[in-house]
Amino acid sequence: MILSILFWLFLFILVYTYVGYALVLWFFVGLKKLFKKNELFAANGDFEPEVCLFVTAFNEKDYIDKKVENAFSLDYPKEKIQYVWVTDGSDDGSPELLKKVEELEVYHQPERRGKMHAMNRGMKFVKAPIVIFSDSNTILGKQSIREIVNCFSNPVVGCVAGEKRIVQKDEEAAAGAGEGLYWKMESWIKRKDWELNSAVGAVGELFAVRTELFEDVETDTLLDDFIISLRIAQRGYKIAYAPNAYAEETASLNVTEELKRKVRIAAGGIQTIVRLKGLLNPFKSGILSWQYFSHKVLRWAFAPPALFLLFIINLLLVVNTNNWSTSNFYAQVLYLQVLCYTTAAFGWYFENKKVRMKALFVPYYFVMINYASILGIIRYVKGRQSVNWEKSKRAG
């Protein structure tokens, strides 16, 4: 009986996390559109406030020229953009290179104290009412600033989340195939979250906030984008999602490099849950509590252990009943799991052999990111995740 209860509990968590929530979200958004006119964007062509394009960089000399060129090419009045770069700890010559560009404001200190400390420090120099955060290794879409500003024309919007896009290649490694599909699905859910009520968090590659709403964040914070955006949402503002404001970057070089990122993100996810526990109170946060729990908390904290524990529980159930028949539901689920893990194992094998087979890479990526989440949870509990992240190598 206990094994059966655990089996159904873990199965429900997995199905709801990866499929069910998206379906429920789609249903409610459709229902909302039947009874209420879509007024997400209070568009105003004359709304052109000053903005600050804010970049923190640590030893990013290889990306600077391309990033600066991209920033100057964006479709927005250049005289209305304040360009701020914070390069704390960089010793590769990038601060000196940036200071050669007259339009840039470069703030540097020799000591490296983490990205969040650099953001807190740099925000003191922001003069514009809207600040747009972007990573130094990403390329922004030409209309990104206009798309973001358009969202802020709605006074209930306190934060705007841009879209992260993975540059696709014809012959991808497992990391590229899996990461590209993951972000396409994530983008769809973010859009539906926003259409229903509010997006649940933002990604550091591209997001923006009203400068007046920014508050200093604890310097040991691992996921600055989530903490900043969700704390603004806690105050009653909406997080808009602007899919046409996008940041492009290449995929991780391989699954090993992607594993580094996912472990850090998972550790940061648990830290976020601890620090934003008030967001789980529906009496204070309303529907956002359900969205946050379904979209983030389950995926960060519950689904990864449920995935691997389900296999063990499922195997014990079939062994105890000694019913291996394909007519037995427990046996059917077990065989399906064996097929998935076998496919993932082949994906791992072909990845190491440099054979490109996307059909196998997706299940391999799925298993690996959940494994990384387990490692991230352990790392956070043990207090071993440094605020100074080790960079993951990117493809291309």
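Everything below is about the structure shown above.
Participant: I'd love a proper account of the pattern of salt bridges, names of residues and values included.
Facilitator: Taken as a whole and assessed by the stated rule, the structure comprises 20 salt bridges. With a shortest N-O distance of 2.9 Å, R146 and E48 are connected by a salt bridge. Taken together, the residues span a long stretch of sequence, with R146 in helix 5 (residues 144-152) and E48 in the loop between helix 1 (2-35) and strand 1 (51-56) at a distance of 98 residues. Judged by relative accessible area, E48 falls into the partly exposed class, the value being 22%. Note that E215 is salt-bridged to R235, the shortest N-O span being 3.6 Å. Pair noted here: E215 is in the loop between strand 7 (206-210) and helix 7 (224-234) and R235 is in the loop between helix 7 and strand 8 (238-250), with a separation of 20 residues, a long-range link.

Participant: Outline empty space enclosed by the protein, listing residues and values.
Facilitator: Counted according to the given criterion, the structure contains two cavities of 30 Å³ or more. Here the largest cavity is characterised by a volume of approximately 50 Å³. Lining the largest cavity are F54, V55, T56, K115, M119, F133, S134, D135, G204, F207 and D224. Listing elements by their share of the lining of the largest cavity, those giving two or more residues are strand 1, helix 4 (115-122) and strand 4 (130-134). In terms of residue count, strand 1 provides more of the lining of the largest cavity than any other element does, three residues in total. Within the lining of the largest cavity, the residues separate by chemical class into five nonpolar, three polar and three charged. As for the second largest cavity, its lining consists of L53, V55, K67, A71, Y83, V84 and W85. Counting residues per element, the lining of the second largest cavity draws most heavily on strand 2 (residues 81-86), which supplies three residues.

Participant: Explain helix 5 residue by residue, including any values.
Facilitator: All of the buried residues along helix 5 are S144, I145, I148, V149, C151 and F152. Each buried residue of helix 5 lies within a common arc of 155 degrees when the element is viewed along its axis, so the set occupies one face.

Participant: Mind laying out the side chain of R210, listing which residues take part and the relevant values?
Facilitator: Tracing the backbone through its elements, the reader meets R210 in strand 7. It turns out R210 is buried and unbridged, and the closest side chain with the opposite charge, E212, is 5.3 Å from it. Among the polar contacts made by the side chain of R210, one reaches the main-chain carbonyl oxygen of V157 at a distance of 2.7 Å. Contact partners of R210, with chain neighbours within four places excluded, come to P129, F152, N154, P155, V157 and G158.

Participant: Residues and numbers for the environment of K142, please.
Facilitator: One can find K142 in the loop between strand 5 (139-140) and helix 5. Between the C-alpha atoms of K142 and F72, which are 70 residues apart in sequence, the distance is 9.8 Å. Excluding anything up to four places from it in sequence, K142 contacts S73, L74 and D75.

Participant: A description of the nonpolar core should follow, citing residues and the corresponding values.
Facilitator: The biggest cluster of nonpolar side chains holds 72 residues, and the ones touching the most others in it are F54, I132, F133, I228 and Y292. In this structure F54 touches V84, V86, A118, M119, G122, M123, V126, V131, I132, F133 and S134, once residues within four positions along its chain are discounted. Among the nonpolar cores identified, the runner-up in size contains 23 residues, and F7, Y21, I189 and Y330 belong to it.

Participant: Tell me about helix 4, and name the residues and values.
Facilitator: The buried fraction of helix 4 is high, at six of eight residues. All of the buried residues along helix 4 are M116, H117, A118, M119, N120 and G122. Residues of helix 4 that are buried make contact with strand 1, strand 2, strand 4 and helix 7.

Participant: Would you mind going over the packing of helix 1 against helix 10 (residues 287-321) in detail, with residue names and values included?
Facilitator: Close contact between helix 1 and helix 10 brings their axes to 6 Å; oriented N to C, the two are set at 145 degrees. Crossing handedness for the pair helix 1 and helix 10: left-handed. Class assignment of the residues belonging to the contact of helix 1 with helix 10 gives a composition of 24 nonpolar, seven polar and one charged.

Participant: I'd like a rundown of the sheet that holds strand 6 (residues 157-167), residues and numbers included.
Facilitator: One open sheet holds the eight strands; their spatial order is 3-2-1-4-7-6-8-5, and the pairing between them is mixed. A strand with exactly one partner marks an edge of an open sheet, and here the two such strands are strand 3 (104-107) and strand 5. Running at roughly 150 degrees to strand 1, helix 4 makes contact with strand 1, strand 2, strand 3 and strand 4 of the sheet. Across the sheet, helix 5 lies against strand 1, strand 2, strand 4, strand 5, strand 6, strand 7 and strand 8, angled at about 170 degrees from strand 8, the strand it touches most.

Parameters at a glance
- Residues numbered from 1 in each chain as written.
- Predicted model: local features only at pLDDT ≥ 70, side-chain atom pairs only at ≥ 80, totals over all residues.
- Heavy atoms only, no water.
- Salt bridge = Lys/Arg side-chain N within 4 Å of Asp/Glu carboxyl O.
- Helix = DSSP H or I, 4+ residues; strand = E, 2+ residues; numbered from the N terminus.
- Buried < 20%, exposed > 50% of the residue type's maximum accessible area, 1.4 Å probe, protein only.
- 1 Å grid on protein atoms, 1.4 Å probe; cavity = no way out; pocket = protein on both sides within 12 Å on 5 of 7 lines; lining within 4 Å.
- Points joined across faces, edges and corners; volume = space filled by probe spheres on them.
- Nonpolar A, V, L, I, M, F, W, Y, C, P; charged D, E, K, R; others polar.
- Arc of directions from axis to C-beta.
- Lys, Arg positive; Asp, Glu negative; His and termini not counted.
- Polar contact = N/O pair within 3.5 Å; in protein donor to acceptor, adjacent residues only side chain to side chain.
- Contact = heavy atoms within 4.5 Å.
- Core = buried A, V, L, I, M, F, W, Y, C linked by side-chain atoms within 4.5 Å.
- Axes fitted to C-alpha atoms, helices over the stretch in contact; angles between N-to-C directions.
- Left-handed = near helix turned anticlockwise from the far one by under 90°.
- Pairing = 2+ DSSP bridges.

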